[in-house]
Amino acid sequence: MADAKVIPFDDDRSRGAAAKGAARRGRGPGGGARRKGEPVAVREVRPLQQPQPESTPEAGPKEPAEPSQGGGWERKIAGGLAFLRRRITGDYDVDEFGYDEELTDQVLMSLLRPIAEKYFRVEVKGIENIPSDGGALIVSNHSGTLPLDGLMLQVAVHDNHPADRHLRLLAADLVFMLPVVNELARKAGHTLACAEDAQRLLENGELVGVMPEGFKGIGKPFSERYKLQRFGRGGFVSTALRAGTPIVPCSIVGAEEIYPMVGNAKTLARLLGFPYFPITPTFPWLGPLGAVPLPTKWTIQFGEPIPTDGYPPEAAEDPMLMFNLTDQVREQIQHTLYKLLVQRRSVFF
């Protein structure tokens with residue numbers, strides 16, 4: 001018998017059908033003639049194997065699939081639980097002034113950020129004038145009846161600076177006399193407005209914020225809005241000269257209108273121990289609702305820094321130099337305020 005010719009088939013069914021067809025036609029599987037009575041040659045049928053892709057040596061390990069959206073919430077929950085555990089066990093750090101950076105980032109900034117972004121819609125300009133490292137003194141105007149401008153300034157620096165720098169504000173004595181406000185101010189990095197604390201912070205490479213107008217600026221009547229009050233005796237300039245750090249002027253527009261102060265109940269202020277007791281179009285007439293600030297549009301602009309490292313050490317004791325630098329900072333802030341007011345189209349939009 002002639003040898004059977006092997007013909008590739010796609011599957012077993014095709015092979016069986018071909019063999020039956022050949023048997024009916026009197027031919028062998030190989031296509032040749034078959035003698036009568038000769039048995040049909042049967043081939044072994046082997047299953048086909050799928051070709052395997054060649055493995056390349058440069059192929060790395062298989063990347064894991066991207067986590068589902070639920071993974072982000074799981075990480076946030078895990079981070080929150082870890083934060084609570086550290087707060088309960090006391091496993092966190094505070095500096096010599098009581099500043100708690102973790103609490104400020106995780107809690108305080110998270111509470112203030114929506115107010116700055118959604119309510120006051122703070123627009124920040126000139127953030128590149130704040131140095132990326134080292135100490136610097138940011139000097140700003142002060143207004144608004146309540147010191148919300150200081151808090152918004154702190155959020156603006158942290159959220160807009162490329163280095164995520166924190167601003168340490170110098171606050172008045174009254175802030176540290178109030179029960180709850182005292183603790184929160186310390187945790188947020190604020191400290192007493194004295195030359196010793198400010199100089200230590202600047203020498204440690206911190207950003208320090210000061211508002212030299214004080215209560216004279218924040219408690220001025222609405223008719224004198226955006227008119228800078230006296231900057232004191234220039235103590236902030238002396239501090240910057242001793243530390244050799246630059247002075248960055250800052251102008252804030254929008255805070256003057258959040259509580260339009262049309263009157264001052266001086267007798268009530270003396271009874272309560274406050275420097276003033278404001279009367280606005282909504283407070284105290286609307287009760288607690290009158291304490292809600294008006295949703296004005298804010299602009300915060302940082303001016304070009306004024307260097308102080310080129311002066312000799314004894315320059316901090318020169319009253320004429322301190323007066324000139326103080327007047328230079330004040331004039332730059334006032335000029336920027338007028339410029340921003342001219343550019344502003346609306347108080348609220």
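For clarity, every value in this text was computed on a predicted model and none was experimentally measured. (Residues numbered from 1 in each chain as written. Predicted model: local features only at pLDDT ≥ 70, side-chain atom pairs only at ≥ 80, totals over all residues. Heavy atoms only, no water.)

K.L.:
I keep staring at the overall build of the protein and nothing clicks. Help me out?
P.N.:
Tallying secondary structure elements over the protein gives ten helices and nine strands in all. Across the 349 residues in the protein, those meeting the buried criterion constitute 38%. With the model as given, the accessible surface of the protein reaches about 21200 Å², and the carbon-plus-sulfur share is 57%. (Helix = DSSP H or I, 4+ residues; strand = E, 2+ residues; numbered from the N terminus. Buried < 20%, exposed > 50% of the residue type's maximum accessible area, 1.4 Å probe, protein only. Areas by Shrake-Rupley, 256 points an atom, 1.4 Å probe, with all protein chains shown as cover.)

K.L.:
I keep staring at the sheet that holds strand 6 (residues 247-253) and nothing clicks. Help me out?
P.N.:
The strands that make up a sheet pair up through hydrogen bonds in the backbone, lying either parallel or antiparallel. Here we have seven strands laid out as an open sheet, ordered 1-9-6-2-5-3-4, and mixed in their pairing. Where the open sheet ends on each side, the last strands, each with one partner, are strand 1 (123-125) and strand 4 (191-192). By the bridge criterion, three bridges tie strand 1 to strand 9 (residues 299-302) in an arrangement that is parallel. Bridge pairing in strand 9 places Val124 opposite Ile300. The strands touched by helix 8 (residues 235-243) within the sheet are strand 2 (136-140), strand 5 (207-210) and strand 6, with strand 2 carrying the most contacts at an inclination of about 165 degrees. Those strands touched by helix 10 (residues 319-343) are strand 1, strand 2, strand 6 and strand 9, and its axis lies near 30 degrees from that of strand 6. (Pairing = 2+ DSSP bridges. Contact = heavy atoms within 4.5 Å. Axes fitted to C-alpha atoms, helices over the stretch in contact; angles between N-to-C directions.)

K.L.:
Would you mind showing me how to read the pattern of salt bridges here?
P.N.:
Pairing between side chains of opposite charge can happen when the charged atoms of each approach one another. Under the counting rule described, the total for this entry stands at twelve salt bridges. Salt-bridge contacts for Arg86 lead to Glu102; the nearest nitrogen and oxygen are separated by 2.5 Å. Here the residue Arg86 occupies a position in helix 2 (residues 69-89), and Glu102 occupies one in helix 3 (residues 101-119), the gap between them amounting to 16 residues. Using a relative accessible area of 28% as the deciding quantity, one classes Arg86 as partly exposed. Between Glu257 and Arg344 there is a salt bridge, with the nearest N and O atoms lying 3.2 Å from each other. (Salt bridge = Lys/Arg side-chain N within 4 Å of Asp/Glu carboxyl O.)

K.L.:
I would appreciate a short explanation of a nonpolar patch on the surface in the present structure.
P.N.:
Together, Leu178, Val181, Leu268, Leu271, Leu272 and Phe274 make up an exposed nonpolar region whose accessible area comes to about 510 Å². At three residues, the largest contribution of residues to the nonpolar patch is made by helix 9 (residues 266-272). With respect to the helices and strands, Val181 occurs in helix 5 (residues 179-187). (Patch = residues over 30% accessible without salt bridge, like charges linked within 9 Å, V, L, I, M, F, W, Y side chains within 5 Å.)

K.L.:
Is there a simple way to explain the packing of aromatic side chains in this structure?
P.N.:
For any pair of aromatic rings, the description consists of the separation of the ring centres together with the inter-plane angle of the planes. If you walk through the whole model with that rule in mind, you get four aromatic pairs. Aromatic side chains Tyr119 and Phe120 sit 5.2 Å apart centroid to centroid with 75 degrees between the ring planes, which places their arrangement in the edge-to-face category. Taking relative accessible area as the criterion, Phe120 reaches 1% and is therefore assigned buried. A ring pair is formed by Phe277 and Phe283, whose centres lie 5.9 Å apart and whose planes are at 40 degrees; its orientation type is tilted. Residue class for Phe277 comes out buried when judged on its relative accessible area of 16%. With a relative accessible area of 24%, Phe283 lands in the partly exposed category. An aromatic cluster is built from Tyr119, Phe120 and Trp298, whose rings are joined through pairwise contacts. In this structure, Lys76 packs its charged tip against the face of Trp73, placed 4.8 Å from the ring centre. (Phe/Tyr/Trp six-rings, centres within 6.5 Å; stacked < 30°, edge-to-face > 60°. Lys NZ or Arg CZ within 6 Å of the ring centre and 35° of its normal.)

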